[in-house]
Amino acid sequence: MPASVGTVRIAELEPAMQLNTHLIYGLLICVLLISIPHAEHLPFWVSSLSVMLLVWRTYLAYCNRPLPPRWLLFAVMAGSVGGILIGFHTLFGREAGVTLLILLAALKLLELRSARDATVVIYLACFVIITGFFYSQSMLTALFMLATLTVILATWVHLQSGTLALRPRLRIAGILLLQAIPLAFILFVLFPRVEGPLWGLPQDAYTSSGLDDRMSPGSVGKLALSDAVAFRVMFKDHPPQRDQMYWRGPVLWDFDGHTWTQGRGSFKPPQLDSLAYPIDYTVTLEPQNKNWLFALEMPTQISIPAAMTYDFQLRQNSPVTSRERYSAHSQLGYRANAEEDPRQLQRALTFPYNSNPRAQQLAREWHNNSTSDEAVISTALAYFNREGFHYTLSPPQLGANEIDDFLFGTRKGFCEHFASGFVFLMRAAGIPARVVTGYLGGEYNDLGDYYIVRQSDAHAWAEVWLRRRGWVRIDPTAAIAPARVELGMAAALPESDSAALPLMVRAQSPALINVPSWLVNVRFKLDALTNKWNLWVLGYNPERQFAFLTRMGMEEITWQRMAFAMMAGMALLVGFFTLLMLRQLTVRNIDEVQRLYLKFCRALAKKGIVRETHEGPQDFAARAAQIKPQFAPAIADITARYAALRYGQSDAMDVNGIQALRRAVAAFKL
Amino acid sequence: MLAALKQQFRSWLFRPRIESGTVTLNQRRIFIIPTRQGIGFVFVLLVMLLGDINYNLSLGYVLTFLLGTTTLMTMLHTFRNMAQLEIRAGRTDPVFAGEMAQFVFHFHNNGMLPRYHLKIHDGTGHCVTFDISARQSVEIKLPIRAAQRGWLGSGRLTLFTEFPLGLYHAWSYLQFDTRCLVYPKPAAHQPLPDSSEQSGKGKFNVAGDEDFSGLRRYVAGDAFPRIAWKALAREQGLQVKQFSSQQGRELWLDWTLLPGLAAERKLEMLTRWVLDADMQEQNYGLRLPDIELQPGHGAAHRSECLRALALCGLPN
């Protein structure tokens with residue numbers, strides 16, 4: 001019996017609050033709103049089950065039916081837990097946890113028996129909102145969050161007030177939120193930030209589809225369909241020509257006939273000389289969960305700790321899991337590793353000798369017929385240019401000897417096909433060569449004065465090592481589709497292919513004029529806004545907070561000082577709100593009546609009808625009506641209303657009466 | 001020792017005293033503490049903050065801070081929901097012991113802010129919930145059980161609110177000098193004393209047969225011809241016609257008529273008689289050990305008699 005005793009006591013402490021139908025509808029809407037952002041990530045059976053539970057609850061509330069028995073809910077819960085265990089193999093991972101929470105919220109609605117249950121649903125709803133930010137933290141998400149929060153607060157007020165109508169509920173929720181926004185802003189700026197993660201490594205924090213450290217036919221081409229932003233660049237002075245904007249990423253050495261990989265190289269430090277054309281810029285890199293950073297060829301300085309590998313890649317010790325910002329210095333003119341380690345050169349000549357015999361034979365012919373390495377390179381580029389090669393997003397499937405198939409069969413490919421084929425030919429002709437992946441170009445945003453480099457700008461090119469000249473960049477794609485280098489991908493692709501590109505990428509090309517200019521403009525504005533949002537809201541990490549507070553004039557930034565400034569700011573704002581809020585408690589309406597009447601008297605005084613000190617309102621009205629007979633009704637009306645409010649029996653607290661007087665005085669124009 | 005200190009602290013903090021007139025709720029009178037749900041919500045917020053830090057969720061920080069500052073500001077809203085209310089106790093109608101005394105309080109909201117979901121309760125679980133619109137007054141009746149005759153005070157009442165989110169509990173103690181007169185509980189029905197048995201001076205009121213004077217409930221032993229059959233037909237229960245000859249005769253309801261009964265039982269019996277005599281519109285007088293009320297009739301006389309009975313033998 002102890003259980004029932006406990007229930008009785010709770011009922012006494014919390015007088016059973018009326019969980020009326022409207023409150024239940026409100027809670028249903030809350031759970032629906034928090035589930036919507038998760039709909040696309042949840043397994044289908046979870047979404048369907050949640051919808052079914054919500055519909056079931058709505059039906060019960062609508063028909064005023066009793067709630068299902070506990071054993072039934074328990075069975076559904078056990079089934080869901082089993083389903084999650086089968087689907088996710090755990091209950092505590094992020095995805096599994098979110099799924100479980102959403103199902104719990106929906107099930108809790110079917111178990112609403114007291115105000116306490118409703119409170120649990122509301123707390124759960126607040127918590128589930130935050131899990132949506134794993135997937136998206138865009139401005140749209142933020143707006144949706146504010147809307148959801150308003151509904152949750154209004155429902156919460158409903159729970160606590162029982163009978164309040166919808167409009168005052170929404171008003172109170174709105175007031176609470178409007179007051180919270182400036183306070184939250186202070187907290188957001190000054191709350192001492194700690195760099196996460198506190199525990200574990202959120203490997204799943206960001207799922208990205210960026211460049212990989214391996215390349216096979218189709219791996220770069222599939223990125224071309226993504227208009228996700230890879231990074232944004234702001235140049236300090238003049239930006240370089242577009243055909244100079246090679247953003248260097250992973251360098252690939254080893255080829256197994258299908259895939260290019262980085263492999264392991266020597267630790268001879270990289271050497272650059274004959275530098276020319278310096279350029280400074282700042283990169284804001286999107287999280288990519290990879291160690292490398294991107295810079296223009298060839299970088300010489302970078303503002304964050306990063307190492308330069310023997311093949312001129314910039315690498316960090318840890319993967320980039322949050323948005324990262326760095327400034328870098330590059331030299332567009334350079335001589336890279338004129339003295340190369342012979343072992344490295346040997347690596348750059350290796351290829352699977354038992355494959356692609358036709359390509360090997362062609363390369364040997366070129367080698368035998370040429371006097372220099374440069375001549376072999378020119379022959380190869382001319383071959384690509386003349387022999388009917390096509391640049392396309394949808395190349396045909398290749399057989400076992402991929403290079404042979406491509407060079408002598410399909411002759412259709414994306415940049416990785418050309419880079420791969422070219423490097424293979426070079427190696428077969430005895431010229432050290434390697435594949436470089438990265439991004440080419442970028443789209444200028446004139447509103448934000450920066451360049452956006454998207455995943456669709458991903459590119460692969462080649463480097464060959466020449467005596468005395470070191471590693472020289474050769475872009476075989478340029479030989480087939482020069483427009484790709486000069487104008488961007490959309491311009492280089494045939495019409496049929498570019499239709500498959502995302503709108504953002506398509507509009508990049510001036511050749512495609514069927515995108516209206518206002519749309520391009522809106523797109524730029526949005527992206528500028530998004531960039532600001534990313535920089536200031538999402539990218540507000542400890543470094544950025546430090547930089548911002550320094551710029552605001554805060555010296556010696558310690559968490560104590562930040563906490564102090566935060567408290568002081570909050571106290572000031574709360575004090576201000578307190579004054580505003582408590583003023584409402586003591587407004588005297590009688591003064592308002594007098595003020596309105598005096599306003600009316602001033603209007604008459606302007607026309608020379610001045611009220612004498614001995615004159616009562618009635619006498620004054622009579623005199624004024626005589627002088628201005630056309631306004632007699634209005635004067636009489638205002639005087640009557642004033643007298644009723646001031647001297648009459650009517651309640652001085654009569655809000656409607658005061659409002660009527662206010663309208664009458666406002667309408668009184670002589 | 002600790003309990004005594006606690007008691008002393010409470011009496012200093014809450015300053016229990018009985019007040020009259022209009023009380024305005026100012027800061028000094030309103031206390032506020034977080035509720036259990038409030039503490040629970042702070043715990044939820046802390047978990048959210050940990051999640052934000054761990055996953056670098058900037059928008060999560062925004063949400064957590066929004067909810068956190070809402071929680072903070074709610075304290076002010078809860079306080080404001082009660083602040084500057086004017087309260088005075090109203091007249092409370094007398095009741096008979098065993099009934100519910102309806103204590104009346106007038107709440108006036110002088111501001112432009114509507115007040116929602118205020119609750120007032122006494123210590124024994126009677127609770128009334130109400131709202132007050134802007135610039136309005138409401139009259140709240142709080143029922144309290146009247147156990148025994150005499151004066152019944154409202155005791156210390158608690159006015160509280162948890163509006164808007166139930167995260168804080170703001171309350172104020174109210175103890176007005178208002179009191180409710182509690183009449184003795186009327187005894188079970190007994191016939192009025194017969195005038196023939198009266199030995200007192202003055203006039204007697206005899207239940208005679210000259211004038212029809214009203215109906216009273218049937219008591220075993222009443223004569224059959226006097227039963228009001230028409231009333232029975234009207235489904236008014238079994239009643240007996242009463243006739244009286246009042247000229248120059250008055251009924252004395254005398255304490256001494258009831259020997260061998262406990263004092264309280266005597267008062268209950270007398271109360272019953274006063275009610276019956278009043279219903280029959282007789283002239284009756286009341287004689288108690290400490291007071292003698294001359295015969296009379298009417299509502300005022302009835303009230304005077306009942307009051308005398310209620311306060312008989314009690315220190316004023």
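About the cut-offs
Residues numbered from 1 in each chain as written. Chains lettered and ligands numbered in written order. Predicted model: local features only at pLDDT ≥ 70, side-chain atom pairs only at ≥ 80, totals over all residues. Helix = DSSP H or I, 4+ residues; strand = E, 2+ residues; numbered from the N terminus. Buried ≥ 20, exposed ≤ 12 C-beta atoms within 10 Å, placed from the backbone. Contact = placed C-beta atoms within 7 Å. Pairing = 2+ DSSP bridges. Axes fitted to C-alpha atoms, helices over the stretch in contact; angles between N-to-C directions. Nonpolar A, V, L, I, M, F, W, Y, C, P; charged D, E, K, R; others polar. Parallel < 35°, antiparallel > 145°, perpendicular 65-115°, else oblique. Left-handed = near helix turned anticlockwise from the far one by under 90°. Expected span 1.5 Å × (residues − 1). Core = buried A, V, L, I, M, F, W, Y, C linked by C-beta atoms within 7 Å. Bend = angle between axes of the 7 residues up to and from the residue. pLDDT = per-residue confidence, 0-100.

A. Region of the structure containing the overall build of chain A. Check the secondary structure of chain A and you find 25 helices and 19 strands. Of all 670 residues assigned to chain A, the portion counted as buried reaches 35%. Expressed as a percentage of contacts within chain A between residues at least 6 apart in sequence, the contacts between residues at least 24 apart total 71%.

B. Geometry of the sheet that holds strand 12 (residues 179–183) of chain B. All names here are of chain B. Ordered in space as 4-12-9, the three strands form an open sheet in which the pairing is mixed. Of all strands in the sheet, those with a lone pairing partner are strand 4 (95–96) and strand 9 (150–153), marking the two edges. The sheet contact formed by strand 9 and strand 12 spans four bridges and is antiparallel. The residue of strand 12 that forms the bridge with G153 is R179. Together, strand 9 and strand 12 form the strand contacts of helix 6 (residues 299–311), whose direction differs from that of strand 12 by roughly 95°.

C. A look at the sheet that holds strand 15 (residues 251–254) of chain B. All names here are of chain B. On the basis of which strands lie adjacent, the open sheet formed by three strands has the order 15-16-17 and mixed pairing. Every interior strand has two partners, whereas the edge strands, strand 15 and strand 17 (292–296), have only one. Taken pair by pair, the neighbouring strands of this sheet meet at an average axis angle of 15°, ignoring direction. Here four bridges tie strand 15 to strand 16 (residues 284–287), and the two strands are oriented parallel to one another. For L253, the partnering residue across the bridge sits in strand 16 and is L286.

D. Structural detail: the interface of chain A and chain B. With 53 residues of chain A at the contact, the number on the chain B side is 41 residues. Secondary-structure elements contributing two or more residues to the side of chain A that touches chain B are helix 6 (115–131), helix 7 (139–161), helix 8 (166–190), helix 19 (517–538) and helix 21 (559–583) of chain A. For the side of chain A that touches chain B, a count of residues per class yields 38 nonpolar, 14 polar and one charged.

E. Here's a closer look at the packing of helix 24 (residues 632–646) of chain A against helix 25 (residues 655–667) of chain A. All names here are of chain A. Viewed as axis vectors pointing N to C, helix 24 and helix 25 meet at an angle of 155°, and their least axial separation amounts to 10 Å. One way to sum up the angle between helix 24 and helix 25 is to call them roughly antiparallel. With respect to the hand of their crossing, helix 24 and helix 25 are arranged in left-handed fashion. Every residue of helix 25 that contacts helix 24 at D637, I638, R641, Y642, A644 and L645 is listed here: G657, I658, A660, L661, A664 and V665. Split by residue class, the contact of helix 24 with helix 25 holds nine nonpolar, one polar and two charged.

F. Quick look at helix 2 (residues 36–55) of chain B. Over its 20 residues, helix 2 of chain B extends 29 Å from the first C-alpha to the last, a length consistent with the 28 Å expected when each residue adds 1.5 Å. On its buried side, helix 2 of chain B packs onto helix 6 of chain A together with strand 2 (31–34), helix 3 (58–80) and strand 11 (168–174) of chain B. A positive phi of about 50° marks B:N56, the residue just after helix 2 of chain B.

G. Region of interest: the nonpolar core. Counting 115 residues, the largest nonpolar core has A:L27, A:V31, A:A125, A:L153, B:L253, B:V274 and B:L309 as its most contacted members. For this core, the element with the highest residue contribution is helix 8 of chain A, accounting for 10 residues. In this view, A:L153 contacts A:A173, A:L176 and A:L177; residues no more than four positions away in its chain are not counted. Counting 82 residues, the second-largest nonpolar core is a separate cluster that includes A:V283, A:Y334, A:C415 and A:A481.

H. A look at the pairing of strand 7 (residues 127–132) of chain B. Residue and element names in this part refer to chain B. By the bridge criterion, five bridges tie strand 6 (residues 115–121) to strand 7 in an arrangement that is antiparallel. Residue pairing for strand 7: L118 is matched across the bridge by F130. Connecting strand 6 to the antiparallel partner strand 7 that follows it, the hairpin turn spans five residues, and G125 within it adopts a positive phi of roughly 95°.

I. Here's a closer look at helix 3 of chain B. Residues and elements named next belong to chain B. Over its 23 residues, helix 3 extends 33 Å from the first C-alpha to the last, a length consistent with the 33 Å expected when each residue adds 1.5 Å. The largest bend in helix 3 is about 25°, located at M73. Across the 23 residues of helix 3, 19 count as buried, placing the element largely inside the fold.

J. Expanded view of the packing of helix 5 (residues 94–109) of chain A against helix 6 of chain A. Residues and elements named next belong to chain A. Contact geometry of helix 5 with helix 6 gives a least axis separation of 10 Å together with a crossing angle of 155°. When the interaxial angle is binned, helix 5 and helix 6 end up roughly antiparallel. Considering only the axes of helix 5 and helix 6, their crossing is left-handed. Here V98, L101, I102, L104, A105, K108 and L109 of helix 5 lie close against helix 6, whose contacting residues are D117, V120, V121, L124, A125, F127, V128 and T131. Looking at the contact of helix 5 with helix 6 residue by residue, the class counts come to 12 nonpolar, one polar and two charged.

K. Summary view of the environment of B:A97. All names here are of chain B. Its place among the elements puts A97 in the loop between strand 4 and strand 5 (100–109). Owing to 22 C-beta atoms within 10 Å, A97 belongs among the buried residues under this scheme. On a C-alpha basis, the gap between A97 and V182 in space is 5.7 Å, while along the polypeptide they are 85 residues apart. Not counting chain neighbours up to four residues away, the residues in contact with A97 comprise A146, A147, Q148, R149, V182, Y183, P184 and K185.

L. Structural context of the confidence of the model for chain A. Residue and element names in this part refer to chain A. The predicted model of chain A averages 83 in pLDDT, with 88% of residues at 70 or higher. The model gives residues 1–18 a pLDDT under 50, and that stretch makes nine contacts with residues more than four places away or in other chains. Contacts of residues 200–207 to residues separated by more than four positions or lying in other chains number nine contacts, the stretch itself having pLDDT below 50.

M. Just the environment of A:G657, in detail. By the secondary structure assignment, A:G657 is in helix 25. Distance from A:G657 to A:A644, taken between C-alpha atoms, is 8.8 Å for residues 13 residues apart in sequence.

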